[in-house]
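Residue-level structure breakdown
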Amino acid sequence: MMKRILTCLCLVGFLLAGFAGCSLYVKGDYKFQTKDYDGAIADFTAYLTQKPDSFQATYMLGRAYLEKGDLDKSVATLKKALELNPGDPEAILFLGVAYVAKADYENAIATFESFEDPSRPLLEKAVRQQITLLKIDYNKKLAKEAVASEKKLATVKPPVETYAVFYYEDKTSGKNLAAFQKALAAMTISNLSQINSIQVVERLRLQALMEEMALGRTGIVDSKTAPRMGRLVGAEHLIVGTLSKDIRTDTALASTTKGKVLGNAALTVKRENFFQLPGAIAAGVAEMKGINLTPAEQAAVGKVHTKNIDAVLYYGQALDAMDQADWKTALDLFNKALQADPSFELALLGRDSCPDDSSSGTGGMGQVTPESLKKSFDAAVNAQAAADKAKQDSLSGGSGGH
């Protein structure tokens, strides 16, 4: 607040005396606010020749480059700002926006994932929602490119320690485990990801590829078709299987380059013990591959996400709704999962990263734009300010009666 007051006083001086006594930084700030980005760039650049370690001037210069459309300079300058002040939330936000403007979605996602601002939880939530939209669109782009380049990819060997977990086929007569398919895959991916020596393909990446290949909502991949899918997602080891009554899982670990099954495992648990499956599948895969897990990895790989079957089924349905861009239904189902088990971390993560009902669908790249990002972030900042003010007013009113 004090900084803004000083800036305003200096701007008054500028208006009355033509910049007399005002620093180059304040001149640049004024020009930025009045959309004279060339002038702002010149003043911030001149200011930095005098004070090269000024984070604020470097940050504002990066933003001026962004507004002007000089994206390479914007990225380089905002990265410099983060070197001067690591973790600064504002610099991270606008660096992510600059990457989106450059259509560099991989770096945009990585940048936004580093965003933290506990004082503004509504902004943190908005960032997580935009990450989801970016990932969906980016993975659709990758899927289209992979299918279009399938012949070329047939000669490319995926990295050795890469794994993909596909949806298990529901073999029950009434298909009563359909809601369990995506939940089981998501939980198994989470458990398998705890092994430090391997890399696991994200579920959204697999979902985008299955949609591109017209596999629809079933997403059924077996050991014969798995190697093709492995090439398209760049994974060497492929985990496929079936689900049958009581709940029985038959798991196969297939190889993309060898085009064959490397090992099989079967496990049957009672319905109320379903929670044992993700950890058992992940541990079984590690055993088939001869991976020696550390004690810490053993504990993490065997993690139980929830023992509440209703929570898992709601969670699986929520993932399916998200895959159809039905945000309202997805949020409702994530909340139902959390009502059934408030400690279900994957459901909490899903709810907090699910776009709200005002979010647009994800029909293709270009859905998330610099303008849509700024609009979303501005709305979150304003909502947070209103919430903070309401809380402060409430506290003030409560203390006033004593």
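In the block above lies the structure referred to throughout.
First, a word on scope: everything that follows refers to the structure included in this document.

Remarks on the pairing of strand E6 (residues 260-268)
One ladder, built from eight bridges, connects strand E5 (residues 248-255) with E6; its direction is antiparallel. Bridge pairing links Asp250 to Ala266 in E6.

Description of helix H16 (residues 327-340)
Its 14 residues place the ends of H16 20 Å apart at the C-alpha level, agreeing with the 20 Å of an ideal helix rising 1.5 Å per residue. Inspection of H16 places Trp327, Ala330, Leu331, Leu333, Phe334, Ala337 and Leu338 among the buried residues, and these make up the whole buried set. Across the axial projection of H16, the buried residues extend over an arc of 165°, all falling on one side. Facing away from the buried side of H16 by more than 90 degrees, the exposed set consists of Lys328 and Gln339. Elements in contact with the buried residues of H16: helix H8 (121-148), helix H15 (309-323) and helix H17 (345-353).

A look at the layout of surface pockets
A volume near 970 Å³ is recorded for the largest pocket. Around the largest pocket, the lining is made up of 33 residues, and of these Lys135, Glu202, Leu346, Leu349 and Ser353 lie nearest the centre. Mapped onto the lining of the largest pocket, the elements with two or more residues apiece are helix H7 (105-113), H8, helix H10 (178-192), strand E3 (199-200), helix H11 (203-212), H15 and H17. When residues of the lining of the largest pocket are assigned to their parent elements, the largest contribution, six residues, is made by H8. Looking at the lining of the largest pocket residue by residue, the class counts come to 16 nonpolar, nine polar and eight charged. The volume enclosed by the second largest pocket comes to roughly 480 Å³. Residue lining of the second largest pocket: 17 residues in total, with Glu106, Asn139, Gln199, Glu202 and Arg205 positioned closest to the centre.

Quick word on the packing of aromatic side chains
Summed over all chains, the structure comprises eleven aromatic pairs. With centroids separated by 5.5 Å and ring planes inclined at 70°, the aromatic side chains of Phe32 and Tyr37 adopt a geometry described as edge-to-face. With respect to class, Phe32 is no different from Tyr37; both count as buried. Just above the ring of Phe94 sits the side chain of Arg63; from NZ or CZ to the centre is 3.9 Å.

Looking at the pairing of E5
Summarising burial for E5: six of the eight residues are buried, a large majority. As defined by bridge partners, strand E4 (residues 237-244) adjoins E5 across eight bridges and the pair is classed as antiparallel. Within the sheet, the bridge partner assigned to Ile239 lies in E5 and is Leu253. Connecting E4 to the next strand, E5, in antiparallel fashion are three residues, including Asp246 with a positive phi near 85°. Here E5 folds back onto E6 in antiparallel fashion, the turn holding four residues, of which Gly259 has a positive phi close to 65°.

With respect to the environment of Val304
Positionally, Val304 belongs in the loop between helix H14 (295-301) and H15. Overall, the relative accessible area of 36% leaves Val304 in the partly exposed class. Taking the C-alpha atoms as reference, Val304 lies 6.9 Å from Gln276; in sequence the two are 28 residues apart.

Basis of the calculations
- Residues numbered from 1 in each chain as written.
- Predicted model: local features only at pLDDT ≥ 70, side-chain atom pairs only at ≥ 80, totals over all residues.
- Heavy atoms only, no water.
- Pairing = 2+ DSSP bridges.
- Helix = DSSP H or I, 4+ residues; strand = E, 2+ residues; numbered from the N terminus.
- Expected span 1.5 Å × (residues − 1).
- Buried < 20%, exposed > 50% of the residue type's maximum accessible area, 1.4 Å probe, protein only.
- Arc of directions from axis to C-beta.
- Contact = heavy atoms within 4.5 Å.
- 1 Å grid on protein atoms, 1.4 Å probe; cavity = no way out; pocket = protein on both sides within 12 Å on 5 of 7 lines; lining within 4 Å.
- Points joined across faces, edges and corners; volume = space filled by probe spheres on them.
- Nonpolar A, V, L, I, M, F, W, Y, C, P; charged D, E, K, R; others polar.
- Phe/Tyr/Trp six-rings, centres within 6.5 Å; stacked < 30°, edge-to-face > 60°.
- Lys NZ or Arg CZ within 6 Å of the ring centre and 35° of its normal.

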